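Listed below are the residues making up each chain.
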Amino acid sequence: MDTTVEQPVLARLITAEDQEIPVSATLRYATDDPLAVFVDFPAEASLEGEDVTWTFARSLLDQGLRAPAGHGDVQIWPYGRTRTVIEFHSPHGLALLQFHALTLRRFLLRTYDVVAPGQEDLTRVVERGLCALFGGV
C-alpha cells in the first residue's frame, strides 16, 4: 500500500531587492518514489500562473538541514539557527526561499517514520526508470 505524507508550509521568497514575500507550499513524500521529496507551489506562487512541483532527493534535505548541500538545480543550507534556505534553479532563473528549519526537520522525521533511511524499496523506481529509458518497450 502506498503512503503519502503531506505538510502545508509557509516559506519566504527572497527577491532581488531583498524583500521577503510569504509563499505557501506543500511538502510531500510518497512511498512510490521513496528517495524523493516534493515541494508543491500553487499557481499564484509561480511566474507562469501554473502549479509548480520541485523534486529532489530526501537525503539532500537531510544534509541541507545540517550543512550546505547540493550542486545542481536544488541547493539547501542552514541560515542561522532557525531557518533553512532552499535555492531552486531553472532555465527561467532562480528562486530563493527561506523555511523554518524545525518545520522541515519535522516533515523529514515524519517521512522516516514511514520509510526509514536505507530501507527504501527501489523496485518501482528502477522499473519506472527503465520504462522511461526504453520508451515502454
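Residues numbered from 1 in each chain as written. Predicted model: local features only at pLDDT ≥ 70, side-chain atom pairs only at ≥ 80, totals over all residues. Heavy atoms only, no water.

**Details of the overall build of the protein**
At step 1: Helix and strand counts for the protein stand at three helices and seven strands.
At step 2: Its helices and strands taken in sequence order, the protein reads β-β-β-β-α-β-β-β-α-α from the N to the C terminus.
At step 3: Computed over C-alpha atoms, the radius of gyration of the protein comes to 16 Å, within 12% of the 14 Å expected from 2.2 N^0.38 for 137 residues, which places it in the range of a compact globule.
At step 4: Along the three orthogonal principal directions, the C-alpha set of the protein runs to about 50 × 30 × 25 Å.
At step 5: The 137 residues of the protein split such that 36% are buried.
At step 6: When contacts within the protein are restricted to residue pairs at least 6 apart in sequence, those whose partners lie at least 24 apart make up 36%.
At step 7: Accessible surface, the protein as shown: approximately 8,400 Å² in total, 54% of it carbon and sulfur. (Helix = DSSP H or I, 4+ residues; strand = E, 2+ residues; numbered from the N terminus. Rg over C-alpha atoms; globule rule 2.2 N^0.38 Å. Buried < 20%, exposed > 50% of the residue type's maximum accessible area, 1.4 Å probe, protein only. Contact = heavy atoms within 4.5 Å. Areas by Shrake-Rupley, 256 points an atom, 1.4 Å probe, with all protein chains shown as cover.)

**Some points on the side chain of Thr31**
At step 1: The topology assignment puts Thr31 in the loop between β2 (20-30) and β3 (36-41).
At step 2: Of note is the side chain of Thr31, whose polar atom sits 2.8 Å from the backbone nitrogen of Thr3.
At step 3: Every residue in contact with Thr31, bar those within four places of it in the chain, is listed here: Met1, Asp2, Thr3, Val114 and Val115. (Polar contact = N/O pair within 3.5 Å; in protein donor to acceptor, adjacent residues only side chain to side chain.)

**Comments concerning the sheet that holds β2**
At step 1: Spatial strand order, β4-β3-β2-β1-β7-β6-β5: seven strands in an open sheet with antiparallel pairing. Because the sheet does not close on itself, it has two edges, and the strands there are β4 (52-57) and β5 (74-79). Strand after strand, the sheet turns through a mean of 30° between neighbouring axes, direction not considered.
At step 2: The sheet contacts of helix α2 (residues 101-114) involve β1 (4-14), β2, β3, β6 (83-90) and β7 (93-100), and relative to β1 the element is tilted by about 160°. (Pairing = 2+ DSSP bridges. Axes fitted to C-alpha atoms, helices over the stretch in contact; angles between N-to-C directions.)

**Notes on a nonpolar patch on the surface**
At step 1: A surface patch of nonpolar side chains, amounting to about 570 Å² of accessible area, comprises Leu35, Leu122, Val126, Leu130, Leu133 and Phe134.
At step 2: Locating Phe134 in the fold gives a position in helix α3 (residues 123-134).
At step 3: The class of Phe134 is exposed, set by a relative accessible area of 52%. (Patch = residues over 30% accessible without salt bridge, like charges linked within 9 Å, V, L, I, M, F, W, Y side chains within 5 Å. Salt bridge = Lys/Arg side-chain N within 4 Å of Asp/Glu carboxyl O.)

**Here's the deal with the packing of aromatic side chains**
At step 1: Applying the stated criterion across every chain yields a total of three aromatic pairs.
At step 2: Judged by centre distance (4.8 Å) and plane angle (35°), the rings of Trp54 and Phe88 are tilted. Here Phe88 lies in strand β6 and Trp54 lies in strand β4, a separation of 34 residues in the sequence.
At step 3: Residue classification places Trp54 among the buried residues on the basis of a relative accessible area of 18%.
At step 4: Given the relative accessible area of 2%, Phe88 is considered buried.
At step 5: With a centroid separation of 6.4 Å and 55° between ring planes, the pair formed by Phe56 and Phe88 is classed as tilted. With Phe56 in strand β4 and Phe88 in strand β6, the pair connects residues that are 32 residues apart, well separated along the chain. Taken individually, Phe56 and Phe88 each receive the classification buried, so the pair is uniform in this respect.
At step 6: One Lys or Arg, Arg28, reaches over the ring of Phe38 and ends 4.4 Å from the middle of that ring. (Phe/Tyr/Trp six-rings, centres within 6.5 Å; stacked < 30°, edge-to-face > 60°. Lys NZ or Arg CZ within 6 Å of the ring centre and 35° of its normal.)

Any functional reading would require information beyond the geometric quantities listed.
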